[in-house]
Amino acid sequence: MSREPLLSVEKIVKTFGGFHALDGVTLSVEPGEILGLVGPNGSGKTTLINVISGLYHPDGGRVLYRGRSIASWPMHQRARQGINRTFQIPKPFKSLTVRENVELAYHFARQGAMTVDNALDFTGLAPSADRPAQSLNSSQQKLLDLARALAIGPDLLLVDELAAGLGPQELHHIADSLRSLADRSMALIVVEHHLGFVNQLTDRVIVMNAGKEIFEGSLTLAAEDATVSAVYLGT
Amino acid sequence: MLEYSIVAGILFGVFFGFMALGLNLIFGVMQVVNLAHGDFVVLGGYLAVIAYSAGHINPVVSLVGAFVLFFVIAFALYFPVIPRLTRSKDPEMLSLILFFGLSQIIEALDVIGFGNNPRSLPLAIMGAAPWHFLGQSYQMAWVITAIVSLVMIGATYLFLYYTRIGYAARAIMGSREEAAASGLPVAQTSAIIFGVGIGLAAMAGVLSPFMIGSVDPSTGLGLTTIAFAIVVIGSLGNPLGSVLGGLVYGVSVMLMQTYFSSWSDLVPYLLLLIIVLAKPSGLLGKGVRNA
Amino acid sequence: MLSSGRTHLRSHRGVNALIPLLLLAAFSLAPLVYANHAVIFQMMAFMVLAQGVNLLYGFTGYLPFGYVGFFGIGAYGMGIGIELFHLPGLAALLVGALFAVVIALILSPLLRLSGAYFAISSLAASEVLYNIVANPALTHITNGPYGESLVQSYHPLTSYVAMVVLLVLTTVLVIVIKNTPFGRALLAIREDPVSAEMAGIAVVRTRTTVWILSALIGGLTGAIFGWHLSVFYPSTVFDLSISILAIVFTLFGGGGTAIGPILGSVVLYGLYNAIGISAPQYFELIYGLLIVLLVLFLPGGVVSLLQRRGSYVP
């Protein structure tokens, strides 16, 4: 039985100058589902995350959240309505401590059950809570982005390239954690280069190329798909 | 009247474009807004006035001296200050404040050294006969100043496009990181451009008594604002943009002086506000900054 | 120093309350012991202006070279309230405040700019205001370049008290903002506006709020100043050196704290009084050198010496 999608993206177009970063991409995600978004560099994955989170305004198409068009919502309103994200290049408030970073999001946008301490524990940052964010390494700063996003209690979490720089042990742990979020009926869209990590997370991936989705299904099937291998291998 | 305003506007515009050139170069290469720019222009003006009154040296000769002297001063100033700023937490803001401090120091030293009274040069030293054009006559000093300005803008263009240092400077304007990564001498080039930028400001200062009327310690910040407006109109970091910005500024001021003279002081400020709000990347700017 | 805002307001309640109380006491008693009331009044005015600059620069990073525009427009609002609308002094103050807020709203698109663009454009905006107010074409409203005379409403005691009240309230405002989530949100916006939005902070509205508060403070200072002076010209109340001094005092003491601008005003305005009136160029030289040295060696101002040692600085 198909549930109502939490988010549907319909025929989104985003151009920069003459370049079509997104060229009519369409996808949707349901509560409790993890959607992997893969594709070569420049295929538009991060641009799509930026459109959904409100950093970019699309030049065409619709973004529906709980069935409503959110085109006119500024980012902070999306955050308060339960959409949040991490950044490929982490963006913590560097002069604040780890805990203060999370507290801020909790104060201004919380709506879920997770507390500041929960978010810190969940991401394993609790021991560093009182350190200034600028003293964290890059992977830890990405986890801090995640903790900050979790502190608002999101219903839709957009994860942009979390795996880079993490070891196999940590990857395994993070994959488990993200799946446990989905078990609490959170919807996740995970942009990832690390296909092994995606494989641990979900069966459903969308492969993007040149601003469009070219394949939807499991990674195993994707590997057998002619179009996908053409894009990845250039054959 | 219209012809007069436009021709005089072009003569003044070329000069003001030249006056803004150094600010533009330094910003382009170092991302530093030299708030003391106008004060270096004023210092150049004092140099011309003193050279003329003490030694009857024609300002055209003083131009060379001004460039050499201020190139050396700025080159020496670069190393203890700029690298320290670029490494700091907020280089753009801190450099703005530092150069604001420098502008106050220069203004104070001007008053201590030369007094508060405006100083000027007789226009006649550049030729007493006016220049006749399309039935109107213009001061020969304006014409010569505009020609010298054009020559210097041309020389700067050749420097940027046909020398190794100019090539490095343009590469740094494009991307500092990539210029450094490809082994270009970023620090030395920046120091030289800093010297050239301030040298050019002083040169424009030598000519300034003819165009602004007098040399006065208190005009520095106003000149910096005009230069900033010109540079922003033409696009920050684009040397040719200074010429376009200067022309827009010169012609607008002259038209306002002719038709709405009591509002003409507003011109540089209004032009700046309109351009930053409507098109922050300037008339020649490519693309827009992302939020 | 930044942990948990609300608790800070409480845990440092003593030292936080001490500062406004000290200011209140000092400026209530100062006229009894020091005969030159003009100096005391001007020092207060600069303290308030420095706090107004501080609110904007210290918390959001926007450096308003044109801050004097709000001061000047406040003074002219006061003048118009008295001369044109025949209002009593205190009611005319509100006209000055209103003018400043309206101008701030009109100029709020400037907040889209950052760094040098904002700093210089705000200067341009204040020059535009000056040229409009001083324009002979507006003589019937502003009396153009000939200035305002409010002698029939001159009441030095009331305007003095008004300035004390404004100083105390402004200082309280800065302390409250510093120690509440609102202030933390401002710091977050300064560090990373995109992340701040994702943390649920309405960046544009928060910035605009501070901008308007800062304009209101500048406008009220100008209005009270104009009232106290009772005769002034556009060139007096739009003098760029008013902005410059307020900025220098803030930078010297240290932005982002309540005490920095006060400290800066006391020390540097004191110095200005000692040497700046007879030999302004030497005063200018000194503060020019101070700015350069501060940027190179102590960008957080004097109070950062205490903050480095981990002390709470209100």
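Residues numbered from 1 in each chain as written. Chains lettered and ligands numbered in written order. Predicted model: local features only at pLDDT ≥ 70, side-chain atom pairs only at ≥ 80, totals over all residues.

Re the overall build of chain B
A count of helices and strands for chain B gives 11 helices and two strands. Along the chain direction, N to C, the helices and strands of chain B fall in the order α-α-α-α-β-β-α-α-α-α-α-α-α. Against the 2.2 N^0.38 benchmark of 19 Å for 291 residues, chain B shows a C-alpha radius of gyration of 19 Å, consistent with a compact globule. In terms of its C-alpha atoms, chain B occupies a principal-axis envelope of roughly 55 × 45 × 35 Å. (Helix = DSSP H or I, 4+ residues; strand = E, 2+ residues; numbered from the N terminus. Rg over C-alpha atoms; globule rule 2.2 N^0.38 Å.)

Examining the overall build of chain A
For chain A, the count of helices and strands is nine helices and 10 strands. Here the C-alpha atoms of chain A give a radius of gyration of 17 Å, agreeing with the 18 Å that 2.2 N^0.38 yields for 235 residues. For the C-alpha atoms alone, the extent of chain A along its principal axes is close to 50 × 40 × 40 Å. By residue count, 48% of the 235 residues in chain A fall in the buried class. Taking the intrachain contacts of chain A between residues at least 6 apart in sequence as the baseline, contacts between residues at least 24 apart amount to 69%. (Buried ≥ 20, exposed ≤ 12 C-beta atoms within 10 Å, placed from the backbone. Contact = placed C-beta atoms within 7 Å.)

What about the packing of helix 1 (residues 2-30) of chain B against helix 5 (residues 140-162) of chain B?
All names here are of chain B. Running from amino to carboxyl end, helix 1 crosses helix 5 at an angle of 40°, the nearest separation of the two axes being 8 Å. By the angle between their axes, helix 1 is oblique relative to helix 5. Viewed along their axes, helix 1 and helix 5 form a crossing whose handedness is left-handed. Taken together, the residues of helix 5 that come into contact with helix 1 (itself represented by Leu11, Val14, Phe15, Gly17, Phe18 and Leu21) are Trp142, Val143, Thr145, Ala146, Ser149, Leu150, Met152, Ile153 and Thr156. Considered class by class, the residues forming the contact of helix 1 with helix 5 number 11 nonpolar, four polar and no charged. (Axes fitted to C-alpha atoms, helices over the stretch in contact; angles between N-to-C directions. Parallel < 35°, antiparallel > 145°, perpendicular 65-115°, else oblique. Left-handed = near helix turned anticlockwise from the far one by under 90°. Nonpolar A, V, L, I, M, F, W, Y, C, P; charged D, E, K, R; others polar.)

Considering the pairing of strand 3 (residues 34-38) of chain A
Residues and elements named next belong to chain A. Strand 3 sits mainly inside the fold: five of its five residues count as buried. Of the pairings in the sheet, the one linking strand 3 to strand 8 (residues 187-191) comprises four bridges and is parallel in character. Residue pairing for strand 8: Ile34 is matched across the bridge by Leu188. Where strand 3 lies against strand 9 (residues 205-209), three bridges are found, and the strand directions are parallel. (Pairing = 2+ DSSP bridges.)

With respect to the sheet that holds strand 4 (residues 60-65) of chain A
Strand-to-strand pairing in sheets goes through backbone hydrogen bonds, with the strands running parallel or antiparallel. Residue and element names in this part refer to chain A. The strand order across the open sheet formed by four strands is 2-1-4-5, and the pairing between neighbours is antiparallel. Of all the strands in the sheet, the pair left with one neighbour each is strand 2 (19-29) and strand 5 (68-69). When strand 1 (residues 7-16) meets strand 4, the two strands line up antiparallel, connected through five bridges. Across the sheet, the residue bridging to Val9 is Val63, located in strand 4.

Thoughts on the interface of chain B and chain C
With 33 residues of chain B at the interface, the matching set in chain C holds 32 residues. At the level of secondary structure, the elements contributing two or more residues to the side of chain B that touches chain C comprise helix 4 (91-114), helix 9 (220-234) and helix 11 (267-278) of chain B. No other element matches helix 4 of chain B, which puts 16 residues into the side of chain B that touches chain C. Looking at the side of chain B that touches chain C residue by residue, the class counts come to 24 nonpolar, five polar and four charged.

Overview of the nonpolar core
Ranked by size, the top nonpolar core spans 281 residues in total, and within it Leu188 of chain A together with Ala202 of chain B carry the most contacts. At 17 residues, the largest contribution of residues to this core is made by helix 8 (residues 186-212) of chain B. Once you skip the residues sitting within four places of it in the chain, Leu188 of chain A turns out to touch Ile34, Leu35, Leu157, Val159, Leu178, Leu181 and Ala182 of chain A. (Core = buried A, V, L, I, M, F, W, Y, C linked by C-beta atoms within 7 Å.)

Digging into unusual backbone geometry
Backbone geometry follows two general trends: most residues other than glycine have a negative phi, and most peptide bonds adopt the trans configuration. Residue and element names in this part refer to chain C. Its identity is not glycine, yet His86 carries a phi of approximately 55°, on the positive side. With respect to the element layout, His86 can be found in the loop between helix 4 (68-83) and helix 5 (89-107). Residue His86 is classed as exposed on the basis of its C-beta count, with 11 C-beta atoms lying within 10 Å. Of note, Ser230 is a non-glycine position whose phi angle comes to about 65°, a positive value. For Ser230, the location among the structural elements is in the loop between helix 11 (203-229) and strand 2 (231-232). For Ser230, a count of 18 C-beta atoms within 10 Å corresponds to the partly exposed category.

Side note on the interface of chain C and chain A
With 17 residues of chain C at the interface, the matching set in chain A holds 24 residues. No other element matches the five residues that helix 9 (residues 181-191) of chain C contributes to the side of chain C that touches chain A. Looking at the side of chain C that touches chain A residue by residue, the classes come out as 10 nonpolar, three polar and four charged.

Side note on the sheet that holds strand 3 of chain A
All names here are of chain A. With respect to topology, six strands assemble into an open sheet ordered 6-7-8-3-9-10, the strand pairing being mixed. One side of each edge strand has no neighbouring strand; the edge strands of this open sheet are strand 6 (83-85) and strand 10 (212-217). For this sheet the average axis-to-axis angle between neighbouring strands, irrespective of direction, equals 20°.

Notes on the packing of helix 4 of chain C against helix 5 of chain C
All names here are of chain C. As a packed pair, helix 4 and helix 5 sit with axes 7 Å apart at the nearest point and diverge in direction by 140°. Taken together, the axes of helix 4 and helix 5 lie oblique to each other. Of the two elements, helix 4 crosses helix 5, and the hand of that crossing is right-handed. Each of Gly69, Phe70, Ile73, Gly74, Ala75, Tyr76, Gly77, Met78, Ile80, Gly81 and Ile82 in helix 4 lies in contact with helix 5, whose residues at this interface are Ala91, Ala92, Leu93, Val95, Gly96, Ala97, Leu98, Phe99, Ala100, Ile103 and Ala104.

Some points on the pairing of strand 9 of chain A
Among the five residues that make up strand 9 of chain A, four are buried, leaving the element largely enclosed by the rest of the structure. Linkage of strand 9 of chain A to strand 10 of chain A, two consecutive antiparallel strands, is achieved through a turn of two residues, within which Ala210 of chain A is found at a positive phi near 50°.

Points about helix 5 of chain B
The end-to-end C-alpha distance of helix 5 of chain B, which contains 23 residues, comes to 32 Å, matching closely the 33 Å that a straight helix rising 1.5 Å per residue would cover. Among the structural elements, helix 1, helix 3 (59-86), strand 2 (136-138), helix 6 (164-174), helix 8 and helix 10 (239-259) of chain B are those in contact with the buried residues of helix 5 of chain B. (Expected span 1.5 Å × (residues − 1).)

As for the environment of Asp183 of chain A
All names here are of chain A. Considering the arrangement of structural elements, one finds Asp183 in helix 6 (residues 168-183). A tally of 9 C-beta atoms within 10 Å means that Asp183 is categorised as exposed. For the pair Asp183 and Ala151, spaced 32 residues apart in sequence, the C-alpha to C-alpha distance is 17 Å.

Some thoughts on helix 9 of chain B
Residues and elements named next belong to chain B. The end-to-end C-alpha distance of helix 9, which contains 15 residues, comes to 21 Å, matching closely the 21 Å that a straight helix rising 1.5 Å per residue would cover. The buried fraction of helix 9 amounts to 14 of the 15 residues, a majority that puts the element mostly inside the structure. At the C-terminal side of helix 9, Ser235 shows a positive phi close to 105°.

A word on the confidence of the model for chain B
Residue and element names in this part refer to chain B. Scored by pLDDT, chain B comes out at a mean of 89, with 95% of its residues at no less than 70. Counting contacts from residues 286-291, a segment whose pLDDT is below 50, to residues more than four positions away or on other chains yields five contacts. Taken together, the chains of this predicted complex give a pTM of 0.90 and an interface ipTM of 0.91. (pLDDT = per-residue confidence, 0-100.)

Side note on the environment of Trp131 of chain B
All names here are of chain B. Tracing the chain through its elements places Trp131 in strand 1 (residues 131-133). The class for Trp131 is partly exposed, based on 16 C-beta atoms found within 10 Å. Separated by 51 residues in sequence, Trp131 and Pro80 have C-alpha atoms that sit 47 Å apart. If we skip the residues at most four places from it in the chain, Trp131 touches Ser137, Tyr138, Met140 and Val143.

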